[in-house]
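Working through the structure, step by step
Chain by chain, the residues run as shown.
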Amino acid sequence: MNLSDQKKDNFAKQFSAGLVLFVMLMMIGVFLFQYAPMIAFFWLSGLGFGYILQRSRFCFVAAFRDPALTGSTAVTRGVLVALALTTIGFTAVKYFYHLTSQTIPGQSYIASIGMNTVVGGIIFGIGMVIAGGCASGMLMRIGEGFEIHLITLVGFFLGTMLGNNHLQWWNSHWMWVKEGVFLPDLFGWAGALIIQLLVIALLYGLAIKWEAKQEL
Amino acid sequence: MEREDQKNFRRWFKPSWSYVTGAVLLSILQVITLIVTQEPLGITSAFSYWAIRLQGVLGFGTPAQLTMVTQLLGAREALWFEENLVTLRNLGIILGALLSALLASQFRLKKIKSGQQALTALLGGLLMGYGSSIAAGCNIGAFFSGIGSMSLSGWVFGLFLFIGAFIGGKLLIRFLI
C-alpha cells in the first residue's frame, strides 16, 4: 500500500466513524426533543456551533492576536462581519419585541461596566493568547483531539472559581455603570444601529489598511 | 468505500469554509438562538455555575459567596435546568467539532508535548477563567453577544481584550517561542 492509498484508507475510516457519530448525535437529539424541544435546541445549536467553528477555522483568539503578531487581519475581518450581521439581526429582533411591547430578549447581556470589565478583558486577552484558544476555541479543539486543551479547561474552571469569589469585591469597589449601557437608549434605535455599523466598517477599513501595510 | 464515492464525499466535507461563510453562519445561529432561547450565545455561565456548585459541596468561600451557593442549592431545580442547558450546548460544541473533524478526516489525537506546555495551558486557562468570571463573559458571551446586543460593555471588553492579546503576544515571543 503506498502513501496515497493509506491516506485514502484513513479518510474512509474517519468518515465512517463520523457517520456513526452523526447518527448517534441525532438519536440523542430525538431523545432530548421528546423530553423537551428546548433542550434539543440547546443540543443541536451546540453541535452546529462546534461544526461551524471547526469547518471555518473561526478563531476569536487569532482575530485579536494576529494583527499585531503576524500582520494578518483575515480572521479579524471575519469577526467584524459576524459582529455587523449579528448586530443587524439582534436589533431587528429586539426592535420587533419593543414595537409589540413585549419584553426585549437578551437584555441580561447588557453587562455592567467597571474596572472589572477592563481588568477582566486584559487578563482574558493575555490568557487566551498564551493558551492558544478562548472558551469556544478550547472546546472546539478538544473535539479535534488536542489533549492540551483539557488542561486549559481545568485551569479555566479553577480560575472561574477564584473569580467568582472576588466578584463581590470587584462589584462593590470598581463598578462604574451598574445597569450597563444599551446604546439605543442613548442614540435611539436607528442612531445606535448606524453608529455601531459605522464603527465596525471603520475597523474593517483599518484592518484592510493594516494588512496592506504589512505586505510592503 | 468506492474511490468515486470517496472523491464525492471529500468534495463535500474536506474543504474549509471561508471566514466570511463562518461569520454568516454564526450570525444566523446567534439570531435563531436569541429568538428561541430569548438569550444570545454564551459559554462561561456554565463554568461559573459548576464552580459555585462544587464550592458549595466543598464548603469554602466568603460569607456572601456561601449565601449565593446556598441560594443556588435552594433553587436547585430551576437552576439545574437552566444552566445545564448551557452545559449541554458546550458539550455539543465539543462533539460538533469532533463530527466536523471526522467527516473531513482532520481528527488527530495530539498528545501533550511537555510540562512547560501543560503549565502554560493551565496558566492561560486560569487567567481566562478569572477574567471571564469578573467581566461577565468570554469572547462569545461578553464580546460577540455583547456587541451584537448593542451593549457598550461589549465594546469596552473588546478594546481591553485587544490590549490583553497584544501583551499576550509579547509574552509569547519573549518566553515561549
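As a reminder, the structure under discussion sits directly above these lines.
This section reports on the structure supplied with the text. (Residues numbered from 1 in each chain as written. Chains lettered and ligands numbered in written order. Predicted model: local features only at pLDDT ≥ 70, side-chain atom pairs only at ≥ 80, totals over all residues. Heavy atoms only, no water.)

Looking at the overall build of chain B
- The helix and strand tally for chain B stands at eight helices and zero strands.
- If you list the helices and strands of chain B from N to C, you get α-α-α-α-α-α-α-α.
- Among the 177 residues that make up chain B, the fraction classed as buried is 50%.
- For chain B, the proportion of contacts with a sequence separation of at least 24, taken over those separated by at least 6, is 53%.
- For chain B, the accessible area works out to roughly 8300 Å², and carbon and sulfur atoms hold 70% of it. (Helix = DSSP H or I, 4+ residues; strand = E, 2+ residues; numbered from the N terminus. Buried < 20%, exposed > 50% of the residue type's maximum accessible area, 1.4 Å probe, protein only. Contact = heavy atoms within 4.5 Å. Areas by Shrake-Rupley, 256 points an atom, 1.4 Å probe, with all protein chains shown as cover.)

Comments concerning the overall build of chain A
- Helix and strand content of chain A: nine helices and two strands.
- Tracing chain A from N to C terminus, the helices and strands come up as α-α-α-α-β-α-α-α-β-α-α.
- Against the compact-globule benchmark of 17 Å for 216 residues, chain A has a radius of gyration of 21 Å, which places it well outside the compact range.
- For chain A, the spread of C-alpha atoms along the three principal axes comes to 65 × 60 × 40 Å.
- Within chain A, the fraction of its 216 residues that count as buried is 53%.
- Considering only intrachain contacts with a sequence separation of at least 6, the fraction spanning at least 24 residues in chain A is 58%.
- With the model as given, the accessible surface of chain A reaches about 10100 Å², and the carbon-plus-sulfur share is 70%.
- Both charge centroids of chain A, one from 12 positive and one from 9 negative side chains, sit 3 Å from each other. (Rg over C-alpha atoms; globule rule 2.2 N^0.38 Å. Lys, Arg positive; Asp, Glu negative; His and termini not counted. Charge placed at Lys NZ, Arg CZ, Asp CG, Glu CD.)

Some details on the interface of chain A and chain B
- If you look at the interface, chain A gives 124 residues, while chain B gives 125 residues.
- Approximately 11800 Å² of surface area, both sides summed, lies buried where chain A meets chain B, with 76% of it carried by carbon and sulfur atoms.
- Of all residues in chain A, Phe11, Arg55 and Tyr109 of chain A give up the largest surface area on contact with chain B, accounting jointly for 7% of the area buried on that side.
- On the surface where chain A and chain B come into contact, there are one salt bridge. (Buried area = accessible area lost by both parts, 1.4 Å probe. Salt bridge = Lys/Arg side-chain N within 4 Å of Asp/Glu carboxyl O.)

Things to note about the packing of helix H5 (residues 115-131) of chain A against helix H6 (residues 115-134) of chain B
- Taken N-terminus to C-terminus, the directions of H5 of chain A and H6 of chain B make an angle of 155 degrees; their axes are 7 Å apart at the nearest point. When the axes of H5 of chain A and H6 of chain B are compared, the pair comes out roughly antiparallel. Note on packing geometry: the crossing formed by H5 of chain A with H6 of chain B is left-handed. For the pair H5 of chain A and H6 of chain B, contact is made by Asn116, Val119, Gly120, Ile123, Phe124, Ile126, Gly127, Met128, Ile130 and Ala131 of chain A and by Thr120, Ala121, Leu123, Gly124, Gly125, Leu127, Met128, Tyr130, Gly131, Ser132 and Ile134 of chain B, respectively.
- Among the residues forming the contact of H5 of chain A with H6 of chain B, the class breakdown is 13 nonpolar, eight polar and no charged. (Axes fitted to C-alpha atoms, helices over the stretch in contact; angles between N-to-C directions. Parallel < 35°, antiparallel > 145°, perpendicular 65-115°, else oblique. Left-handed = near helix turned anticlockwise from the far one by under 90°. Nonpolar A, V, L, I, M, F, W, Y, C, P; charged D, E, K, R; others polar.)

Some remarks on the nonpolar core
- Counting residues in each nonpolar core, the largest one holds 69 residues, and the members touching the most others are Phe49, Phe124 and Met128 of chain A together with Ile43 and Phe143 of chain B.
- Considering each element in turn, this core owes the most residues, 10 residues, to helix H4 (residues 74-99) of chain A.
- Ignoring anything within four residues of it in the chain, the contact list for Ile43 of chain B reads Phe49, Ala135, Ser136 and Leu139 of chain A together with Val86, Asn90, Ile93, Cys138 and Ile140 of chain B.
- Formed by 20 residues, the second largest nonpolar core is a distinct cluster that contains Leu21 and Phe42 of chain A together with Ala46 and Leu85 of chain B. (Core = buried A, V, L, I, M, F, W, Y, C linked by side-chain atoms within 4.5 Å.)

So, the pattern of salt bridges
- On inspection of all chains with the given rule, the structure shows three salt bridges over all chains.
- Note that Glu211 of chain A is salt-bridged to Arg77 of chain A, the shortest N-O span being 3.4 Å. With a gap of 134 residues between them, Glu211 of chain A in helix H9 (residues 189-215) and Arg77 of chain A in helix H4 connect regions that are remote in the sequence. Of the two residues, Glu211 of chain A and Arg77 of chain A, both sit in the buried class.
- Lys111 of chain B is paired through a salt bridge with Glu147 of chain A; the nearest N and O atoms lie 3.8 Å apart. Of this pair, Lys111 of chain B sits in the loop between helix H5 (76-103) and H6 while Glu147 of chain A sits in the loop between helix H6 (135-144) and helix H7 (148-173), placing the two residues on different chains.
- Judged by relative accessible area, Lys111 of chain B falls into the exposed class, the value being 58%.

Focus: the packing of H7 of chain A against H6 of chain B
- Two numbers describe how H7 of chain A lies on H6 of chain B: the axes approach to 6 Å, and their chain directions differ by 35 degrees. Handedness of the crossing formed by H7 of chain A with H6 of chain B: right-handed.

Points about unusual backbone geometry
All names here are of chain A.
- Here Arg57, not a glycine, exhibits a phi torsion of approximately 50 degrees, which is positive.
- Considering the arrangement of structural elements, one finds Arg57 in the loop between helix H2 (37-56) and helix H3 (60-69).
- Take Arg57: its relative accessible area is 43%, and that puts it in the partly exposed class.
- Backbone geometry at Ser101 places phi at a positive 55 degrees, although glycine is not the residue there.
- Mapped onto the secondary structure, Ser101 falls in the loop between H4 and strand S1 (113-114).

Digging into the environment of Leu91 of chain B
Residue and element names in this part refer to chain B.
- Mapped onto the secondary structure, Leu91 falls in helix H5.
- Among the residues examined, Leu91 registers a relative accessible area of 44% and is labelled partly exposed.
- Put simply, Leu91 and Phe157 are 66 residues apart on the chain and 26 Å apart in space, counted from C-alpha to C-alpha.

Focus: the packing of aromatic side chains
- This structure, assessed with the given rule, holds 17 aromatic pairs over all chains.
- Each ring, one from Phe15 of chain A and one from Phe13 of chain B, has its centre 5.5 Å from the other, and the planes form 55 degrees; the classification is tilted. Of the two residues, Phe15 of chain A sits in helix H1 (residues 3-35) while Phe13 of chain B sits in helix H1 (residues 3-13), which places them in two different chains.
- The exposure class assigned to Phe15 of chain A is buried, which follows from its relative accessible area of 0%.
- Taken together, the aromatic side chains of Phe58, Phe60 and Phe64 of chain A together with Phe143 and Phe144 of chain B make up a single cluster linked through ring pairs. (Phe/Tyr/Trp six-rings, centres within 6.5 Å; stacked < 30°, edge-to-face > 60°.)

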